[in-house]
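Analysis of the macromolecular model
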Amino acid sequence: MKTIEQLTTTSTAWYSSNDEEVWTGGPYATREEAEAEAKACRHRLIMRATKDPVRVSKHFDQGDFFDAAEETLYDLCNEDGDPILDFDSAVNLDLQARVRAAIDEWQVAHQLCPMPWRFSGSDEPEIAAWAKAVEGGDA
């Protein structure tokens, strides 16, 4: 079973496309595989790019949680609308750490590795070898 670090390790692979904005081919493990698939799919471009899988716990924020909770508790407040869940910041940060740990545990238990659509980084796109040959360039 993979750990949270393994599930959220940056992934670098090769992609192919005819559009520099939308990479429809890939991910491919090697440049050679990207070149072969680019030729088979008639994709003119190849590129090596990186994606960072989503660590779900990073998207839990105790401040946002308490704001939402206070909204649902508004009818239970006094006439001045004083907050009910007004805790010391150290207590709130402890909640954040514990909830994030629980979310990590949940992600690991289910081996979830959500991958974003966008790249976090990439090399410059290159013209695939087959396309260079067709254009009369070096293959």
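Note that this is a predicted model, so its numbers are computed, not measured. (Residues numbered from 1 in each chain as written. Predicted model: local features only at pLDDT ≥ 70, side-chain atom pairs only at ≥ 80, totals over all residues. Heavy atoms only, no water.)

Topic: the overall build of the chain
Check the secondary structure of the chain and you find 5 helices and 5 strands. For a compact globule of 139 residues, the expected C-alpha radius of gyration is about 14 Å, and the chain comes in at 24 Å, more than 25% above that figure. Reported as C-alpha extents along the three principal axes, the dimensions of the chain are approximately 80 × 35 × 20 Å. Taking all 139 residues of the chain together, 27% fall into the buried category. Long-range pairs, those at least 24 residues apart, make up 72% of the contacts in the chain between residues at least 6 apart in sequence. Summing over all exposed atoms, the chain offers an accessible surface of approximately 9,400 Å²; the carbon and sulfur share of this is 51%. A gap of 14 Å separates the mean positions of the 13 positive and 28 negative side-chain charges of the chain. (Helix = DSSP H or I, 4+ residues; strand = E, 2+ residues; numbered from the N terminus. Rg over C-alpha atoms; globule rule 2.2 N^0.38 Å. Buried < 20%, exposed > 50% of the residue type's maximum accessible area, 1.4 Å probe, protein only. Contact = heavy atoms within 4.5 Å. Areas by Shrake-Rupley, 256 points an atom, 1.4 Å probe, with all protein chains shown as cover. Lys, Arg positive; Asp, Glu negative; His and termini not counted. Charge placed at Lys NZ, Arg CZ, Asp CG, Glu CD.)

Overview of helix α3 (residues 62-72)
Along α3, the positions that sit buried rather than exposed are Gln62, Phe66, Ala69 and Glu70. Along the long axis of α3, the arc covered by the buried residues comes to 100 degrees, so they all point the same way. Away from the buried face of α3 by more than 90 degrees, exposed residues Asp64, Asp67, Glu71 and Thr72 are located. Where the residues of α3 are buried, they touch α4 (89-109). (Arc of directions from axis to C-beta.)

Description of the pattern of salt bridges
Inspection of the entire model under this criterion finds 6 salt bridges. We note a salt bridge from Arg48 to Asp123, for which the minimum N-O separation is 2.9 Å. Placement of Arg48 in strand β3 (residues 45-51) and of Asp123 in the loop between β4 (121-122) and β5 (126-127) is noted, with a sequence separation of 75 residues between them. Overall, the relative accessible area of 33% leaves Asp123 in the partly exposed class. (Salt bridge = Lys/Arg side-chain N within 4 Å of Asp/Glu carboxyl O.)

Comments concerning helix α2 (residues 31-41)
Taken together, the buried positions of α2 are Ala34, Glu35 and Ala38. In an axial view of α2, the angular spread of the buried residues amounts to 100 degrees, which keeps them on one side of the axis. Residues of α2 that are exposed and angled more than 90 degrees away from the buried face: Glu32 and Ala40. Phi for Arg42, located one or two positions after α2, is positive at around 60 degrees.

Examining the environment of Gln62
Along the polypeptide, Gln62 turns up in helix α3. Using a relative accessible area of 15% as the deciding quantity, one classes Gln62 as buried. C-alpha of Gln62 to C-alpha of Thr72: the two residues are 10 residues apart in sequence and 15 Å apart in space. Setting aside residues up to four positions removed in sequence, Gln62 forms contacts with Asn92, Leu93 and Gln96.

Some words on the packing of α3 against α4
A pair of packed helices is characterised by two quantities: the angle between their axes and the separation of those axes. Contact geometry for α3 and α4: axes closest at 9 Å, N-to-C directions at 105 degrees. With respect to each other, α3 and α4 are oriented roughly perpendicular. Counted together, Gln62, Phe65 and Phe66 of α3 and Asn92, Leu93, Leu95 and Gln96 of α4 form the full contact between these two elements. Here the contact of α3 with α4 is composed, by residue class, of 4 nonpolar, 3 polar and no charged. (Axes fitted to C-alpha atoms, helices over the stretch in contact; angles between N-to-C directions. Parallel < 35°, antiparallel > 145°, perpendicular 65-115°, else oblique. Nonpolar A, V, L, I, M, F, W, Y, C, P; charged D, E, K, R; others polar.)

Brief notes about unusual backbone geometry
Geometrically, the link from Gly26 to Pro27 is a cis peptide bond, its omega value of 5 degrees lying close to zero. Its place among the elements puts Pro27 in strand β2 (residues 25-28). Look at Arg42: it is not a glycine, yet its phi comes out positive at around 60 degrees. Among the structural elements, Arg42 can be located in the loop between α2 and β3. Positive phi is not limited to glycine here, since Gln111 has a value of about 50 degrees.

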